[in-house]
Amino acid sequence: MDLFLERLISGLTNGSIYALLALALVVVFRGTGTLNFAQGELALFTTFVAWWLTTQSLPIWFAIAAALGVGFIMGALIERLLIRPVAKRNDMAVLIVALGLFTGLNSLAGLLWGSETKIMPSPFPNGESDFISIGGARLYGDALGVWGALIGLMGLMTLLFRFTKVGLHMRAVADNATSATLAGVRTSRILAIGWGLSGAIGALAGVLVTPLAPQQLSLTTMFSIFIAASAAALFGGLDSLVGAVVGGLVIGVLEAMLTGYVSVIGGSLQQTSALLIIVVILFAKPTGLFGTTKLVRV
Amino acid sequence: MKRFLRVVSAAALPALVLGACGSGSGTDTGSTEAGSTGGAASAAASVVNADNCADPEGVKAPITGTLKVGWSAPTSGPLADAVGNVIEGMRARFAVENAKGGIGGVRLEVVVKDDAFNPERAKTNVGELIQKEGVHVLETFGSGQVDAIADDQNDACVPLLFAQASVPAYRDIAKFPWTTEYLPSADVEMGVVVEGLKKKYPNGAKIALAANQTESGQGIANGLKKAIEGTNFTIAAEAPLTDPRTAASSLKSSGAEILVNAGVTTDCLALTQAIGRVGWKPDTVIQPSNCADGATLYAPAGDAADGQQILRWLKDPANAAFADDAAVKEYLQQSAANGADSPTNSYTVNGWAIADLMVDDFTRAAKLEGGLSRLTIMQAARTQDYQPPMFIDGISFTMSPTQAYGVLAFQPFTWKAADKAFAVGGDVIDISSQYDK
């Protein structure tokens, strides 16, 4: 039983990591209809910023707050300076810009901080004795912290979209930007806020997950996490916050169980197997489990 | 056709080698003494010759003026720092040799082309290095790179020396006579690991094996399985390292006394943290030799890493155990004086040691019949038996016309969490007698 619980906790923790980044993807998609391929590398870059600040003897929570700020500003600037000019042409141009940012941000991080692995401190207790025992399995402080951050972020995002003017405007712009503009919504400002928010969420994901990542903080840390987060967002329907969280957790738990109980395929095909199951689900429900079906007036 | 001819010529190898050995001139241990290498070189000549090369005269042509070593390496991307240090170490060592007059007046030069760790770019680079730059020797970093360039450089008969890879296929002298690898074979490393375990567990023990699913990880795992054949050691459980935490919980339940990490560098810290998190403290934990950096791979794990073992073949200039070593002192002074920014970095030490091996090889080649040429360089490489000063005492790089393993001995080191440093964990374990020299 304790082995099952160990695997479940491991899967839920990995799943929470995927879900955090998937939330950032959903926020951008809801605003622009674009899957931001640079999201993982933006998160990586801001995590490097946080790590660098900790090396300057600044407190970890200050470093995280600064990384969130940098993430927000970078996200907004990317939308304003790179995405908006090309978005008017076609969606493919946005995709190409995002791919360019993917490699560009990674290279810039390497140039500024080098390619050697760094150790990012955790803001949560993660010593050998910092755990609570659940049925013989250990739940450590940093894993609990990631779970808590996910729940808190989910709550904040729900409040933002449901009960604030900015959230209402974001939903309006995502639904129909032209109509929103005619109704007096400052679309460009809302789009910049959307990208900024996703940058900040990505930064939070980066600084929380890096201490738990096998690669620690290196230029490759976000590759596999981004792939799983994209799958989680797709699984949930790309425009659903709940869907992103459910998708992330499902992928995390599936991976852990496949690796633990079906090691024949889980070893080398862990991620592939999990993604295959999702493809099957998407065949049955192409908009994802929680995605909105678009109605087009003809 | 050329490959076929090489294979046919190699088929006659055993008889020729036996003949050479019969004349009482096997591999020497003082390989810089040209006189003692004549017999071995003639044996090597049976493995490596210019007969099947496209330009036999060019292969035998004496090298004058400058000897160019052409690198295809990832000088951009995530590995840029690491490989940059290797190249710095090599350049520093060559600068020392050039200051002494080079190899009989021939200066050594390093030419680098970036492949961004992309094997296809490495293949293009090697074509340019051979045809445009006219390099005499090639060097590269990564198994995929060797895979991409080995056929071309063997067809062109340009030596690829001490490639930073450990792919079993390229230790086949008959198929790849112009290729040698520097990194130790996983079979040899695991052979040494099991020899060490036999001393600690004379009655055998249960081993838990955490294996990365890459070629490197599987090579180590298979090496361990081969090495325990016929012993009292058994694999109690094996788990993939895809998710270190899941692997740790699975392996813990096996009750094994020994944990062997058949992983790549990124697995070292992750597995240590994972076993700490599931509350498992195996009696012995063996990490692979590629997990050499204490500051980033052991220290962050705290007490969970205490007592973990690793095998080394190089002296660590940052380790107090080598503080009084004359070769280390000389290395630190000379490398820093010749432009190496990070002389204590293990990659810089590797670059310096490889350059040392090349200098030994070129020096011996220059004394062979025909003088310094691509052919004699390769013949000398096939008979090298040399201990670079930065190799741990008692460990040498040994090649013969019948084996291409290079490193056949290691010294165990143990991580001390309290000191945040490795300490010597035992004497050098040499299994060269198990291999045909």
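All residue numbers refer to positions counted from 1 along the written sequence of the respective chain. All chains are assigned letters beginning at A, and all ligands numbers beginning at 1, according to the order in which they are written. Under the rules for a predicted model, residues below a pLDDT of 70 receive no local features and side-chain atom pairs below 80 are neither given nor counted, while totals for whole chains, interfaces and linings still include all residues. To obtain the side-chain values, all non-hydrogen atoms of the structure were included, while hydrogens and water were left out.

A. Molecular detail of empty space enclosed by the protein. Points on a 1 Å grid, built from protein atoms alone, make a cavity when a 1.4 Å probe fits but cannot get out and make a pocket when they are open with protein on both sides within 12 Å along at least 5 of 7 lines; residues with an atom within 4 Å of a point are the lining residues. Grid points are joined across faces, edges and corners, and a volume is the space filled by probe spheres set on the points. Tallying each qualifying case throughout the model produces three cavities of 30 Å³ or more. Each helix corresponds to a stretch of at least 4 residues labelled H or I by DSSP, and each strand to a stretch of at least 2 residues labelled E; elements are numbered beginning at the N terminus. Mapped onto the lining of the largest cavity, the elements with two or more residues apiece are α1 (2-32) and β2 (137-140) of chain A together with α10 (244-252) of chain B. The leading source of residues in the lining of the largest cavity is α1(A), at four residues. Its residues assigned to classes, the lining of the largest cavity comprises four nonpolar, three polar and four charged. Any residue outside Ala, Val, Leu, Ile, Met, Phe, Trp, Tyr, Cys, Pro, Asp, Glu, Lys and Arg is labelled polar, Gly included; the first ten of those are nonpolar and the last four are charged.

B. Fine view of the domain arrangement of chain B. All names here are of chain B. An automatic or database domain assignment supplies the start and end points of every domain. Once the domains are mapped, chain B shows domain 1 (2-184 + 327-401) and domain 2 (186-312 + 410-434). Computed from C-alpha coordinates alone, the two centres of domain 1 and domain 2 are separated by 31 Å. We call two residues in contact whenever any of their non-hydrogen atoms come within 4.5 Å of each other. At the interface, seven residues of domain 1 touch eight residues of domain 2. Values labelled buried area give the accessible surface lost by two parts on being combined, using a 1.4 Å probe and summing over both. The contact between domain 1 and domain 2 buries some 620 Å² in all, and 61% of this surface belongs to carbon and sulfur atoms. Among the residues of domain 1 in contact with domain 2, P184, I392 and I395 are the three that bury the most area, contributing 63% of the side total.

C. Fine view of the interface of chain B and chain A. Facing the 30 residues of chain B at the interface are 30 residues of chain A. Taking both sides of the interface into account, the surface hidden between chain B and chain A amounts to around 2300 Å²; carbon and sulfur atoms contribute 52%. Its largest share of buried area at the contact with chain A, chain B owes to B:P78, B:R245 and B:R277, together 28% of the area lost on that side. The term salt bridge refers to a pairing of a side-chain nitrogen on Lys or Arg with a carboxyl oxygen on Asp or Glu at a separation within 4 Å. Viewed at the interface, chain A and chain B are joined by one salt bridge. For A:D142, the salt bridge goes to B:R277, with nearest N and O atoms at 2.4 Å. Here a polar contact is taken to be a pair of N or O atoms separated by no more than 3.5 Å, where protein atoms must pair a possible hydrogen donor with a possible acceptor and residues adjacent in sequence count only if both atoms sit in side chains. Seen at the junction of chain B and chain A, the total is 11 residue pairs in polar contact (both at pLDDT 80 or more). Per element, the largest residue contribution to the side of chain B that touches chain A is six residues, and it comes from helix α11 (residues 265-277) of chain B. Its residues assigned to classes, the side of chain B that touches chain A comprises 11 nonpolar, 14 polar and five charged.

D. Here's a closer look at the sheet that holds strand β11 (residues 385-386) of chain B. Residues and elements named next belong to chain B. With antiparallel pairing, three strands are arranged side by side in an open sheet as β11-β12-β13. The two strands at the open ends of the sheet, each matched to only one other strand, are β11 and β13 (403-407). Taken together, the three bridges between strand β12 (residues 397-400) and β13 define a ladder with antiparallel strand orientation. Bridging across to β13, S400 finds its partner in Q403. Only strands that DSSP links by at least two bridges are regarded as paired with each other.

E. Up close: the pairing of β13(B). Each residue gets one of three labels from its accessible area relative to the maximum for its type: buried under 20%, exposed over 50%, partly exposed in between, using a 1.4 Å probe on protein chains only. With four of five residues buried, β13(B) is to be regarded as a mostly interior element. Following β12(B), the chain reverses through two residues before pairing antiparallel with β13(B).

F. Quick peek at the pairing of strand β7 (residues 234-240) of chain B. Residues and elements named next belong to chain B. Where strand β6 (residues 206-211) meets β7, six bridges bridge the pair, whose relative direction is parallel. The partner of I207 across the bridge, within β7, is I235. Throughout, right-handed denotes a crossover for which the path from the first strand over the helix to the second runs clockwise when the strands point away from the viewer. Note on the crossover from β6 through helix α9 (residues 215-227) to β7: the handedness is right-handed.

G. Representation of the state of the cysteines in the model. Residues and elements named next belong to chain B. Disulfides are defined as cysteine sulfur pairs within 2.5 Å. Following the criterion strictly, the structure yields two disulfides over all chains and no others. With a sulfur-sulfur separation of 2.0 Å, C53 is cross-linked through a disulfide to C157. On the S-S bond that ties C53 to C157, the torsion sits near -95°, and the link is left-handed. Taken together, the residues span a long stretch of sequence, with C53 in the loop between α3 (38-47) and α4 (56-60) and C157 in the loop between α7 (143-156) and β4 (160-163) at a distance of 104 residues. Through a disulfide, C268 is tied to C291; the S-S separation comes to 1.4 Å. Taken together, the positions of C268 in helix α11 and C291 in the loop between β9 (284-286) and α12 (294-297) put the pair 23 residues apart, joining distant regions of the chain. Pair check on accessibility: C268 and C291 agree, each one buried. For chain B, the bonded cysteines pair up as 1-2, 3-4 when numbered in the order they occur along the sequence.

H. Structural detail: the side chain of B:S250. Within the fold, B:S250 resides in helix α10. Taking relative accessible area as the criterion, B:S250 reaches 16% and is therefore assigned buried. A polar contact of 3.0 Å, which involves the side chain of B:S250, links it to the backbone oxygen of B:T246. Beyond its immediate stretch of four places on either side in the chain, B:S250 contacts A:L3, A:R7, A:G260 and B:A239.

I. Quick peek at the nonpolar core. To qualify as a nonpolar core, a set must consist of buried Ala, Val, Leu, Ile, Met, Phe, Trp, Tyr and Cys residues joined through side-chain atoms within 4.5 Å. Counting 103 residues, the largest nonpolar core has B:L67, B:Y182, B:M358, B:F362 and B:F391 as its most contacted members. Examining the composition of this core, we find that 10 residues originate from one element, helix α14 (residues 346-366) of chain B, more than from any other. Here this core spans two domains, since at least three of its residues come from each of domain 1 (2-184 + 327-401) and domain 2 (186-312 + 410-434) of chain B. Apart from the residues within four sequence positions on either side, B:F391 is in contact with B:Y182, B:W313, B:L314, B:K315, B:A353, B:L357, B:S396, B:F397 and B:V407. A:A22, A:A109, A:V207 and A:L241 belong to the second-largest nonpolar core, a separate cluster that totals 80 residues.

J. Highlighting the side chain of B:T348. Residues and elements named next belong to chain B. Its place among the elements puts T348 in helix α14. T348 gets classed as buried once you look at its relative accessible area, which sits at 0%. A distance of 2.8 Å separates a polar atom in the side chain of T348 from the backbone oxygen of S342. Those residues in contact with T348, other than ones at most four positions away along the chain, are N85, V86, G89, Y331, A340, S342 and P343.

K. Summary view of the UniProt feature "domain: Leucine-binding protein" (unreviewed entry) in chain B. UniProt positions are given in the numbering used here, feature names are shortened, and annotations may be inferred rather than shown by experiment. The positions UniProt marks with the feature "domain: Leucine-binding protein" (unreviewed entry) are residues 66-389 of chain B. Overall, residues 66-389 of chain B shows 44% helix and 17% strand. The separation of its end C-alpha atoms is 25 Å.

L. Here's a closer look at a nonpolar patch on the surface. All names here are of chain A. Patch construction takes residues with relative accessible area above 30% that form no salt bridge. Like charges are linked within 9 Å, and nonpolar side chains (Val, Leu, Ile, Met, Phe, Trp, Tyr) are linked within 5 Å. Here the accessible surface of atoms and residues is derived via Shrake-Rupley with a 1.4 Å probe, and residues count as covered only by protein chains that are part of the display. A surface patch of nonpolar side chains, about 460 Å² in accessible area, is lined by F72, I73, L77, L81 and L82. Within the secondary structure, L77 sits in helix α3 (residues 60-87). Given the relative accessible area of 45%, L77 is considered partly exposed.

M. Layout of the packing of aromatic side chains. Pairing of aromatic rings covers Phe, Tyr and the six-membered ring of Trp, with a centre-to-centre limit of 6.5 Å; geometry is then stacked below 30 degrees between planes, edge-to-face above 60, and tilted otherwise. Scanning all chains against the criterion turns up 18 aromatic pairs over all chains. Three or more aromatic residues link up through ring pairs in this structure, and these residues are B:F162, B:Y182, B:W313, B:F397 and B:F410. A:K118 extends its terminal NZ or CZ atom over the ring of A:W51, reaching a point 5.5 Å from the ring centre. Note on geometry: a ring has a charge over it if NZ (lysine) or CZ (arginine) is within 6 Å of the ring centre and within 35 degrees of the ring normal. Over the ring of B:F422 we find B:R312; its NZ or CZ atom is 4.9 Å from the centre of that ring.

N. Focus on the UniProt feature "transmembrane region" (unreviewed entry) in chain A. Residues and elements named next belong to chain A. Mapped onto this numbering, the UniProt entry gives "transmembrane region" (unreviewed entry) at residues 12-29, 60-82, 94-114, 144-161, 190-210 and 242-262. Annotated as 100% helix and 0% strand, the span residues 60-82 places its first and last C-alpha atoms 31 Å apart. For residues 94-114, helix accounts for 95% and strand for 0%, while the C-alpha atoms at its two ends are 29 Å apart.

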